[in-house]
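Listed below are the residues making up each chain.
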Amino acid sequence: MKEKLLEKLKKLEYSSLYPLFFTVVFILILIQYSFFSLDAIFYDLWIRFDFIPKSSQEVVIVVMDEESDQFLGETYPYTYASHHRLIEKVIADAPKGMGYLVPLEVEPESVVEQRYVSEIRQLVQNFQRTQKGFFRFGTKFEMMFGEVLPVDELRSLGYSTAFLFQDTQVFSRDGVIRRASLNISGEDSFHLWIANKWRESQGRERREANSFLGSIYNAEADATFAMFKYRHSPLEEGNYQVIPYHRVVTGNYSEGFFKDKLVLVGARYISNGDDFALTPFNKDEARSSKLAVHANIIEAMANGSTVIPVPDFLTQTLSVLIAVILSFFISKVQPTKGLLITITLMLGTFAFGYLAFIGFGLWFKLSHMILGIFVVYYIWVPFRAIEEYQTRYAIQEEAKLLKQVDNLKQNFISLMSHDLKTPVAKIAGIADILRIQYPNVPQQKELLDNIVQATKELNSFITSILDLTKIESQNLTLRKESKDINKVIESIVDKLRFEAEAQEMHIALDLAPLYPIQVDSVLMNRVMSNLIENAIKYAGRKKSISVKTWDDAQWVYIEIKDDGVGIKPDDITHIFDKFYRVKNDSTHAIKGSGLGLYLVKYFIELHSGTIAAESQLGVGTTFTIKLKNE
């Protein structure tokens, strides 16, 4: 067993394994590095083209902006009196809940402002108690001062951190919002708290932070995060119902506008860049309203639209597997087909990643797979090109050598055939002189007749060899002339009638009137002579031969038929092959080169015609020729 294994290893061509070795090494090196920027491109592309069912306009965004400042004559964050009027108007329209993203941290400066603070607290508490609505302040976190909380009297209404996680320290570090905080220090974030209250108002169960697919706990930040799917583009305000702050304060909206809706209140000042953020829909310029981002996160939490990052070891394993499979296919096909397979595999990888994302929320980091495919292609293509070049060069050299050998063979056969014709002709001539001019006893006459017959057979064989040489060297040219095929047939039959009568055979002619057609008369004489002579030789004594002609608009038909012994089915398919002869007891004594029918078929096809043979043992054989009627 060991000896066989060692023998196989010795026979193995290690040079063919070099590309695979380099491929595996490069892939293993490649997967040691992270290509977050490339992965972020694919992730953002999937987000933008994710076919998540759109919500039914259940979120209303109330924006504080330059227009409201001018209308109210106030500056952000407005007076408590304005906030009291807004909250009162909204609550009167029976919403499901409110998320207040305005930092009401400034202590009231007058008794009137203090009264409005108290009335805001009472309004919200009544809303929570009587209408079963929910209310939450969304606080922001400042590096210098920590979490910005509402004034003491309003804190009892509830607050949570409304933190927007901008990717500046992990992943692609491009500041794009792709993750949402689910809880911080064990407390639900503003988004998760609002989402759970929203779910409860719809009769659904609340969800814990760790129950979301793809959620990750970060011990350093003591927080749980999850990548989420945007339900709407934050650039398109039409996806949410947006109304300016001052219109709500003045009651300039239709009745029921806020009914059963989630209302988010916050700032969106065009002059303030902090009110906008980078998202997968705008990665170069902060043009997405943070209020719209908050709304997307809340909807994602409410509907469980989070993303599950596939473990790196799995994507790395897939990268190596894809590289090995692609290497196998590229090594077996031509470079052009290898390129097609590479492009197909790359598109298939994109499609697989996209379908996994939109269908199951699975996010495969495609960077290693895509770069692995490039590495495989650029390693294998040069090797394949070199191999193809070597193979092509070897084929060219072999073709040159074969051509030289073929030329030598053709020249040798041609010279030998021509040189043989002269002595054969001399032998035939001498035999004729001896037979005709000198008295011979019967035995001498028989021997001389045999010599003459043998020289005829040898001359016929030499002629066939010469024709074959011309065919293979492509030196055979047609010399067409207008000829009546019937005349050619009659001439051949007259020449062979003596041989037919010697075999007690009858040749019947059924020649329809034909127009002359363009043929090479020499070659056509060879064709007819061969077919009729074969019928005389192989049909058997006392058999009959019929030659029939007819035509139509396109073809002239010639049929040579005998009622002889016939040909076996296994032989009939090969009778036109070069040097093929039917072998049986009746044909053993008949001389021949095996080139006759091969040349007949070639001559017919040279005239753009066809020839077919049909035969049945004990019934006979029929050859049908079709020549162009032109």
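Each remark here, short or long, concerns the structure printed above.
Residues numbered from 1 in each chain as written. Predicted model: local features only at pLDDT ≥ 70, side-chain atom pairs only at ≥ 80, totals over all residues. Heavy atoms only, no water.

**Q** Which parts of the structure should I look at to understand the packing of aromatic side chains?
**A** Two aromatic rings, taken as a pair, are described by how far apart their centres are and by the angle between their planes. This model, assessed by the stated rule, comprises 23 aromatic pairs. Judged by centre distance (6.4 Å) and plane angle (20°), the ring pair of F42 and W46 falls under stacked. Residue F42 and its partner W46 are both found in helix α3 (residues 36-48); the two are separated by four residues, about one turn of the helix. Here F42 and W46 have matching classes, each one buried. Both rings, one in F576 and one in F623, keep their centres 6.3 Å apart while their planes meet at 85°; by these two values the pair is edge-to-face. (Phe/Tyr/Trp six-rings, centres within 6.5 Å; stacked < 30°, edge-to-face > 60°. Helix = DSSP H or I, 4+ residues; strand = E, 2+ residues; numbered from the N terminus. Buried < 20%, exposed > 50% of the residue type's maximum accessible area, 1.4 Å probe, protein only.)

**Q** Sorry if this is basic, but what is going on with a nonpolar patch on the surface here?
**A** On the surface, F21, F22, V25, F26, I29, Y33 and F383 cluster together into a nonpolar patch covering about 680 Å² of accessible area. Per element, the largest residue contribution to the nonpolar patch is five residues, and it comes from helix α2 (residues 18-30). Within the secondary structure layout, F22 lies in helix α2. Classification of F22 by relative accessible area gives partly exposed; the value is 37%. (Patch = residues over 30% accessible without salt bridge, like charges linked within 9 Å, V, L, I, M, F, W, Y side chains within 5 Å. Areas by Shrake-Rupley, 256 points an atom, 1.4 Å probe, with all protein chains shown as cover. Salt bridge = Lys/Arg side-chain N within 4 Å of Asp/Glu carboxyl O.)

**Q** Any chance you could explain the sheet that holds strand β22 (residues 555-562) here in plain terms?
**A** The sheet built from five strands is open, its strands ordered β19-β21-β22-β24-β23 with mixed pairing. The strands lining the two open edges of the sheet, one partner per strand, are β19 (506-511) and β23 (610-616). For this sheet, the mean angle separating the axes of adjacent strands, direction not counted, is 10°. Relative to strand β24 (residues 620-628), β23 runs antiparallel, the two being bridged by seven bridges. Note that in β24 the partner of T610 across the bridge is K626. Helix-sheet contacts for helix α16 (residues 521-539) involve β19, β21 (544-551), β22, β23 and β24, and the interaxial angle to β22 is about 20°. (Pairing = 2+ DSSP bridges. Axes fitted to C-alpha atoms, helices over the stretch in contact; angles between N-to-C directions. Contact = heavy atoms within 4.5 Å.)

**Q** Please explain the packing of helix α15 (residues 485-502) against α16 as it appears in this structure.
**A** In a pair of packed helices, the angle between the axes and the distance between the axes together describe the arrangement. Closest axis-to-axis distance for the α15/α16 pair is 9 Å, and the angle between their directions is 35°. Judged by the sense of rotation from one axis to the other, the crossing of α15 with α16 is right-handed. Touching I485, V488, I489, I492, V493, L496, E499 and A500 of α15 are M524, N525, M528, S529, I532, E533 and I536, all from α16. Looking at the contact of α15 with α16, its residues break down into 11 nonpolar, two polar and two charged. (Left-handed = near helix turned anticlockwise from the far one by under 90°. Nonpolar A, V, L, I, M, F, W, Y, C, P; charged D, E, K, R; others polar.)

**Q** Please explain α16 as it appears in this structure.
**A** The α-helix advances 3.6 residues per turn, and as a result positions three or four apart in sequence lie on the same side. The first and last C-alpha atoms of α16 sit 26 Å apart over 19 residues, in line with the 27 Å expected at 1.5 Å per residue. Every buried residue belonging to α16 is among S521, L523, M524, V527, M528, N530, L531, I532, N534, A535, I536 and A539, and all of these are buried. In this structure D520 caps α16, since a side-chain oxygen of it lies 3.1 Å from the backbone nitrogen of V522. Following α16 by one or two positions, G540 has its phi on the positive side, about 110°. (Expected span 1.5 Å × (residues − 1). Polar contact = N/O pair within 3.5 Å; in protein donor to acceptor, adjacent residues only side chain to side chain.)

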